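Now for the letters of each chain:
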Amino acid sequence: ATGATPSGSGSGGAAAKLSVVFIPKNLGNPYFDTSDAGGKKAVESLGGTYSEVGPQQASPDGQVQYINTAAQQHVSALVVSANDPKAIGDALNQARKGGTKVVTFDSDTDPQYRDLFINQASPEGLAKVEVDGITKQIGDSGEIAILSASANATNQNAWIDLMKKDLAANHPNVKLVDVVYGNDDDQTSFDKTAALLQTHPNLKGIISPTTVGIAAAGRYLSTSDKKGKVALTGLGTPNQMREYVKNGTVKEFYLWNPADLGALAAYAADALVKGTITGKEGDTFTAGSLGSFKVGANQTVLLGDPFAFNAGNIDQFKF
Amino acid sequence: MTTAPAPSKEPTVTVPDTSTEVQLLVEPSSLAPRRRMAQSLLRSRELSILAVLLLVIAAATIKNPSFLLSSSGWRDLLLTPSMLILLAVGQAAVIITRNVDLSVGSVLGLTAYLTGRLFIDHPGIPVVVVFAAGLLVGAVLGLVNGLLVALGRVPALVITLGTLYIYRGLVLSWAGSSRINASDLPAGFLALGTQQILTIPVLFLIAVVVLSAVGYYLYTARSGREFYAIGSDPDAAVLYGLNVRRRVIGAFLLSGALAGLAGVVFAARYGSVSSDAGTGIELQAVAAAVIGGVAIFGGSGTVWGAAIGAVLLVTINRALPMLGIPDFWQQALVGALILSAIVLDRVLSARQSRRLVEARDQS
Amino acid sequence: MTRTYAAYAHPLWRRLLLTREAAVVALVIAVSLWAYSNVPYFGDQLTLTYLLLDVTPILLIALPMTLVIITGEIDLSVASVVGLSSVLLGVLHERGFSIPVAALIALVVGALCGALNGYLVARVGLPSLAVTIGTLALYRGLAIGILGTKAVTDFPSDWTQRASETIGGTGIPAFMWVFLLLAVVFTLALHFSPFGRGVYDIGLGSEAAHFSGVKVERTKFVLFVLSGAVSALAGVFYTLRFGSARGDNAAGLELQVIAAVLLGGVSIFGGRGKLAGVVAGVLLIGIISSALRLQGITVNVINIIIGLLLVLSVISTTVLAWVSDVAARRNRGARPTKTPAGVGTL
Amino acid sequence: MRHDSIGAASHPTLTLRDVAKSFGPVVALRSGTLVAQPGSIHALVGENGAGKSTLVKIVAGVHRRDAGEFLLGGEPADFGSTAESKAAGVAVIYQEPTLFPDLSVTENIFMGRQLLGRGRRIDRAAMYAEAARLFAGLGVHIDPRRQALGLSIADQQIIEIAKAISLDARLLIMDEPTAALSGVEVERLFAVARRLRDEGRAIVFISHRFDEVFDLCDTVTVMRDGQYIATKPIADTSVEEIVGLMVGREVAELFPKTPAPIGDPVLQVSGLTASGVFHDVTFEVRAGEIVGLAGLVGAGRSEIARAIFGVDRYDSGSVRVKGCEVPPRDPAAAIRAGMAFVPEDRRRQGLVTEASVTDNITGVIRGSLARFGLLTKRMENAAAGPWAGRLEVKTGALDMNAKTMSGGNQQKVVIAKWLATKPTLLIIDEPTRGIDVGTKAEVHRLLSELAGQGMAILMISSELPEVLGMADRVLVVCEGRITADLPRDRATPEAVMHAATHALTGGHHGHPGGHHGHPGGAQDQQAAS
Ligand SMILES: Nc1ncnc2c1ncn2[C@@H]1O[C@H](COP(=O)(O)OP(=O)(O)OP(=O)(O)O)[C@@H](O)[C@H]1O
Ligand SMILES: Nc1ncnc2c1ncn2[C@@H]1O[C@H](COP(=O)(O)OP(=O)(O)OP(=O)(O)O)[C@@H](O)[C@H]1O
Ligand SMILES: [Mg+2]
Ligand SMILES: [Mg+2]
């Protein structure tokens, strides 16, 4: 209970117990369930308190309210996947003014709004692995399309740009005919997939660099007469995709280990709170069993390379 | 006192003056039954909406034959609107009684999640039981709405706005951030989402069966007609001795049950359910009913119209990208469509009442 | 020989304290006190700031919405107007317009949106529920159509900061001045002007109002225009506060506004309600949400509480009437004088 | 005092004794008593607001009585809903038609008890045929399939009648069924009523037209101010006696119009036409003059008044006040020009019943009360108090809801509201409808006094004595046209009634009690007049 005096910690969280709030793009998203669970384990192993709050729909204004609440509570660190690179910036800076460390993961804000960004994979690497995957499956020629999350999701947009460049440079016979947005909503993504297939009868492949999107597309494809005729790949979680890999709708999809990503973000937050690192390039810290990581350019930490899931290995993964 | 004609079995009365009797003898209508039927059909709102629907389908098909002619195209044409048809039918029944049910989206979310939970917690549970459970839970939630509205004598808009929040809150608390994935659902159930009988999707058949049952009931049952009477003039309905409360509760019960059913359909069709499934769909259901010619202040319209309205709404959304209209503009078009439907309704009913007054003046 | 009359049947304290508005205000005070002593950090200045910033759009839109509902109509399109004005502000800013000019254009467009609603409802005589469900889709569709699902986020930081800066050291957002100004104007218009009396008369009996020379059509039209313009203002604020113009900004806000207005004691049938109660209703929802969020309770419970408050607040009237009816009957000892009545409708 | 008219049948179909009913503060019925015998038509008469409709609604199960005895066929009855009364064999034609505008005429007749075919399915064909038979029986030409929306009041009434007849009830109550019917239609209705009587049913018939009462009924019960007064066999009574019982005093003393100097024309109406409603209406009202607008219900008098005041539209013609043209469709402009309008439907048009006395009284003048555009309750109360006092409105306080007041007091509030505008012309539609006798006299004195002060008054009234007593000049409206302009000395009941029925084909007027109807009575009466 607090009286009128603003208690908690006015000046930085160094003295207080570690408290980390995870704010995913939206709740009820299996990808973030997994990553935040990893974060939770890490925070608890560090003796801190963990909590996860967030909006129902992936929108920046929804996130702002939760960032504000965290700022009011003077938590020691915020781990955020940004729905917009700028829109939540003011709120994050407010929180930082109150002594909260801000780590972004999965989807970044502009660098001036956070202390550190935990990058799941290099955008170049991700874009390349998805483009290579789809072009291989369709024989390096024909029409493809992209089913993304919301149109202003930072990470997806960066990847899509890189994919376009890669396609133009290395796959002249593959034509990207459409980019549609499913807003990380099951029903919308599903309906957009249906529309995509109708609008482009000659479509040969779909890349969906978002877990909700690829699952919805997998669901639609596996029940349509285009099953096996239209290739699908992208970023997905094994639990959601198992069905579609086994029934042959999807040959291969990619992801890093989201749990590791969450854990790394938590360790980074801890290091920032403890003051072991400040977030400048060259700082190093250890992230439990994940090993040691080094802060790169733009205050970014890279998790590693993405992993390819296929019929051969999918049963080894339960997330 | 004069003696009146001897009472006859027929409730007819010998008219005092023979000359006027001949002149005033009533013919049911001067038109042959078939022509009359054709005429009233031609004038009906349902038909004009159907024409618009066919136009949209035709345009999209010309632009891209696979919209209708491919097997997926044909299937999606029927499958996609199935869920909204169920909601629109329930909503139409409620609106006909001069009420409205805004809670259907939340009910749908609740039963969609319930469907997944049942399959996860009771592996091997028969699909029929799950459908029944969805229907039942929806009916109970609808009953709560109906009781509050009818017994509390408070406006349905406010009550169902409240239960919209409450039911959604219940799903959110129950589901938390967990979700149902396709792999949680048995293959047999998922197959329902796309199964076809003679190229007609099963879910569409379910919707059509429900639609026909409700349509038949509203047209041919005494209690069904009372829905219209109540919506047309609630005070007169009381003077007629109609059981207004029971019918209003019944309408909400129906709407809730159909929203519950729609939740199960949602799970079967999309294969994954998160706690915000169905958010905002209530306004689409109201819009479908309004587009289909159900007057927002009750008393007129049919569930057939509402169902066609639902198909039109969904199909327009699917056809616009085909017609080269970026999908971002679709919602604006839907809005314009709703407005023109209301305005058209007003124009038609103004013309109708003018015609009726003229008919009276001439007689 | 003329009689003289008491102006009021009840003393002032009774008229002030035994009202719906007083009940809501009391609830606001009670919940605040509870939160202050039980919820960590609720007493902080920052909480006040964020709470007020969060409810500002609802507060703004609730002002004209109250008047619209008192005339017996409803405007469901307000949140879509917020979205549209947000998008316009963004697009115009991108095209190089200064923020004040862009905001002004957004306000004008908002007023035009309201005028379309007003024309269809007041002049053509269509039911406002149906009309504004249509324009809800239309205006939102225009917003999304103009901007796609992209966002404009590069607003000048002096403007975005202005939206959330506070008055001196009070922690009260400076934008509250704008609300306060509007609240005074709306209060004078509704409670202290002939126009406002007309608004109530229309809600209580529009035919009688028409027979008394009240310009029913014009009044309704003006209210819808105001509703559109104020919603656009809320859109401008929303955009600058979050520094983000998006087509789907404030989606679903209309139901929150209506819930708050009804909670504040305004009758959906029209004719009853006070702005003071509405402001208290908005604050009540804001305070409950804020306190629960600070306790780590998420949106689900908040939803349930808002829903329950809404349902209870409307049935309380019926329940109270029923209770007093039973009491009166018991006193009189007469046989029941039940008169069947129609059930509540729209 | 009680008088059971027709001897000792085994049981009267309906017995009501000392039945009472209040609506909050309004006592609608103090002690209603009525005994209706099988095979007999029983008239129930009384002034507006005497409680006739309330009595009917208690029998129908719309209201529940507060006290008193209610027997149906000798058995105690107490209906909680109209469904129960229907089931017990009571059919009621309510004073206001209660139709579902969206449904077909046939559905309206059979709602809730539709004919069923196979599988409990509604048999529409049978219903249409049945409805057609009913209409044929009533001799009217209504398509059973058409929508009820847009039917004339008369047609609506016919459908109510068809509905009641088709119920096959042992007790049929008709609350002013003839108010909107033409002569031919009335005759057909009477034929049906007589047939039903001869089948042994009991009929209660409410009407303000004595000729009809004497034509059709066997017995008459008189009510006044919610109280039973007397029951007489029709054969043993006269119109004069009934009127005396109804009013409870000599009729003449009610209308104390004192002569006043007549000044310049205030209202000039010329060529006013609204197609289908009224045609080429031209007249003027002078300062200090009371002009009465008489005619049968439905003649279009209210519509004329509403058009003059700008509430309704009209197609052509002009309205001038003191020589200045008043724009159409703008009540505010009419008010500025000095008009005041007390409409006929007090509850819906005259008052905002849910608002306070003050709000109602200052409803029109508050624009001028405001200072710098602002208005406070205190200013309004200060303005309303004197006007309420001047009309002696009986109320506890000025913030009482108008809804809780008696009809007479409500009417005083409406008049106060308009007098507060200091009008030069007062249009008053049915000034004393539903008002008790005492208040009625007050209203008449007030009108007379206002005229004396130089106000021009246009008064519409369905009560002939009121018109004849109050008006300096009587204009008679028939089917939307002014058919007579009679100065006070030439305005006899006969002259007015002749002009009022002039254009009607089967008009039935003249001397009540003379004809005991028989088929073809309409023609006979026509000849007699
Ligand atoms: N629902 C009600 N609430 C309040 N007062 C009512 C109600 N119904 C009737 N009254 C009042 O009861 C009194 C009797 O009304 P009632 O309708 O029975 O008269 P009536 O004899 O039928 O008159 P009329 O000849 O005008 O039809 C009137 O003063 C009327 O205003
Ligand atoms: N086609 C119609 N549909 C509905 N109501 C109608 C129609 N025609 C007339 N009326 C209504 O019938 C009623 C009687 O008509 P009107 O007002 O012209 O008669 P009146 O001479 O003023 O008689 P009174 O005022 O005594 O009833 C009015 O309330 C009028 O609005
Ligand atoms: Mg009556
Ligand atoms: Mg009249």
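It should be emphasised that the depicted structure is a prediction, and the values quoted were computed from it without experimental measurement.

## Side note on a nonpolar patch on the surface
Residues and elements named next belong to chain C. Taken together, the side chains of L12, W13, L16, L17 and L18 make up a nonpolar region of the molecular surface, amounting to roughly 590 Å² of accessible area. Mapping L12 onto the fold places it in helix α1 (residues 12-17). Take L12: its relative accessible area is 51%, and that puts it in the exposed class.

## A word on the interface of chain B and chain A
In many analyses, interface size is given as the accessible surface area lost on bringing the parts together. On the side of chain A, 29 residues touch chain B, which itself brings 37 residues to the contact. Here chain B and chain A share an interface that buries about 2600 Å² over both sides, 41% of which is from carbon and sulfur atoms. Our count for the contact surface shared by chain B and chain A stands at eight residue pairs in polar contact (both at pLDDT 80 or more). Residue assignment for the side of chain B that touches chain A shows that the elements contributing at least two residues are α4 (66-69), α5 (71-79), α14 (244-270) and α16 (303-322) of chain B. With five residues, α5(B) is the largest single contributor of residues to the side of chain B that touches chain A.

## As for the pairing of strand β7 (residues 174-181) of chain A
Each regular strand shows side chains that alternate between the opposite faces of the sheet. All names here are of chain A. When strand β6 (residues 142-148) meets β7, the two strands line up parallel, connected through seven bridges. By the bridge assignment for β7, L147 is matched with V180. Crossover β6 to β7 through helix α5 (residues 154-170) is right-handed.

## Some points on the arrangement of the chains
The structure contains five pairs of chains in contact, of which chains B and C account for the largest number of contacts. One finds no contact linking chain A with chain D; the least C-alpha distance across the pair is 38 Å.

## Considering the confidence of the model for chain B
Of all residues in chain B, 86% have pLDDT values of 70 or greater, and the mean over the chain is 82. This model gives residues 1-30 of chain B a pLDDT under 50, and the stretch forms 52 contacts once residues within four places in sequence are excluded.

## Let's talk about the interface of chain B and chain C
Counting from both sides, the interface comprises 47 residues of chain B and, opposite them, 51 residues of chain C. Counting the surface lost from both chain B and chain C, the interface buries some 4300 Å², and carbon and sulfur atoms represent 81% of this. Counting across the chain B and chain C interface gives zero salt bridges. Where chain B meets chain C, there are three residue pairs in polar contact (both at pLDDT 80 or more). Looking at the side of chain B that touches chain C, the elements with two or more residues in it are α8 (127-152), α9 (156-175), α13 (234-239), α14, α15 (281-291) and α17 (330-362) of chain B.

Conventions used here
Residues numbered from 1 in each chain as written. Chains lettered and ligands numbered in written order. Predicted model: local features only at pLDDT ≥ 70, side-chain atom pairs only at ≥ 80, totals over all residues. Heavy atoms only, no water. Patch = residues over 30% accessible without salt bridge, like charges linked within 9 Å, V, L, I, M, F, W, Y side chains within 5 Å. Areas by Shrake-Rupley, 256 points an atom, 1.4 Å probe, with all protein chains shown as cover. Salt bridge = Lys/Arg side-chain N within 4 Å of Asp/Glu carboxyl O. Helix = DSSP H or I, 4+ residues; strand = E, 2+ residues; numbered from the N terminus. Buried < 20%, exposed > 50% of the residue type's maximum accessible area, 1.4 Å probe, protein only. Contact = heavy atoms within 4.5 Å. Buried area = accessible area lost by both parts, 1.4 Å probe. Polar contact = N/O pair within 3.5 Å; in protein donor to acceptor, adjacent residues only side chain to side chain. Pairing = 2+ DSSP bridges. Right-handed = clockwise from strand over helix to strand, strands pointing away. pLDDT = per-residue confidence, 0-100.

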